[in-house]
Amino acid sequence: MISAPRSFLGLSFTQLPREAALAEVAAQAARLASFRYVATPNVAHVVALHDDLASRKPLYDAAWLRLNDSRILELLARASGLALPVATGSDLTADLFEKAIRPDTPITVIGGDAALIAELKRRYGLATVYWHAPPMGLARNPEAIAEAAAFIAAHKAAFVFVCVGSPQQEMLAKAVQDRGGAVGVGLCVGASLEFLVGRIERAPRWMQAARLEWLHRLASEPKRLARRYLIEGPKIVAIWSRWRQEAA
């Protein structure tokens, strides 16, 4: 049973640790019921949310589950006297492929490329992978969002991995949910499939436990991620400080 959500930094987080999140998502997907989606907000998402509250907050509010994707957020919540379990999108994705997705389970992938899809099929012996690669600039292209949403609705799959970055992936997932006609669970999980197939190396377990996964990613892709981790990311401290003052 899912506990009451935890409000923190402007988002209503679902209080599910990794194992419980896996169980809930797998059970929902097995029903092939009407489409619902899972958001996995992290520090970057929370910072962006506070920069654009009006357009981004509805994308998270509409999600079935909002899982905490950040050990930094967990630490800040703990310093505020709150428990905020971690269930990262990358861990959830890996768990689903290892424990819930069988070779005959149909899945849909939005994003990525042909090589990624081929490697997923090879590694897990998947028989049915529906793949759609939308164009760049998806957030500013309502026609492309509608086309991708129609693709998801037309291809019935238990799991729909929406891997086009934030806020595009949440925009698309909400569009699918709003239009109706689709089934399964949508997972807004960014680069998780690239981690899964080894295209991007995840931080060692000790760095994850030490809340230093961001440093590993920065060292791996400094040009692409420097702004995210060195300029945008630190804003979370000011956001947290204001939230604490308002909550007092």
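Residues numbered from 1 in each chain as written. Predicted model: local features only at pLDDT ≥ 70, side-chain atom pairs only at ≥ 80, totals over all residues. Heavy atoms only, no water.

Caption draft 1: Region of interest: the environment of H50. Along the chain, H50 turns up in helix 2 (residues 43–51). With 69 residues separating them along the chain, H50 and E119 place their C-alpha atoms 37 Å apart. Excluding anything up to four places from it in sequence, H50 contacts L9 and I239. (Helix = DSSP H or I, 4+ residues; strand = E, 2+ residues; numbered from the N terminus. Contact = heavy atoms within 4.5 Å.)

Caption draft 2: Focus on the side chain of E213. In this fold, E213 is placed in helix 11 (residues 213–220). Excluding residues that lie within four positions of it along the chain, E213 makes contacts with R71, R202, A203, M207 and Q208.

Caption draft 3: Inspection of helix 5 (residues 89–99) at higher detail. Counting buried residues in helix 5 gives eight out of 11 residues, a clear majority hidden from the surface. Taken together, the buried positions of helix 5 are occupied by G89, S90, D91, L92, T93, D95, L96 and F97. (Buried < 20%, exposed > 50% of the residue type's maximum accessible area, 1.4 Å probe, protein only.)

Caption draft 4: Just the sheet that holds strand 8 (residues 185–188), in detail. One open sheet accounts for six strands, arranged 4-3-8-7-5-6; its pairing is parallel. This sheet does not close on itself; its edge strands, each paired only once, are strand 4 (65–66) and strand 6 (129–132). Relative to strand 8, strand 7 (residues 159–162) runs parallel, the two sharing four bridges. Paired with F159 across the two strands is V185, which belongs to strand 8. Running over the sheet, helix 1 (residues 18–31) touches strand 3 (36–39), strand 4, strand 7 and strand 8 and is turned about 140° from strand 8. Against the sheet, helix 8 (residues 168–179) touches strand 3, strand 5 (107–110), strand 7 and strand 8, its axis set at about 160° to strand 3. (Pairing = 2+ DSSP bridges. Axes fitted to C-alpha atoms, helices over the stretch in contact; angles between N-to-C directions.)

Caption draft 5: Representation of the pairing of strand 6 in the model. As defined by bridge partners, strand 5 adjoins strand 6 across four bridges and the pair is classed as parallel. Each bridged residue has a counterpart across the sheet, and for I110 the counterpart in strand 6 is H132. Once you follow strand 5 into helix 6 (residues 114–124) and on to strand 6, the crossover reads as right-handed. (Right-handed = clockwise from strand over helix to strand, strands pointing away.)

Caption draft 6: Summary view of the pairing of strand 3. Note that strand 3 and strand 8 share three bridges and pair parallel. The residue of strand 8 that forms the bridge with R36 is V185.

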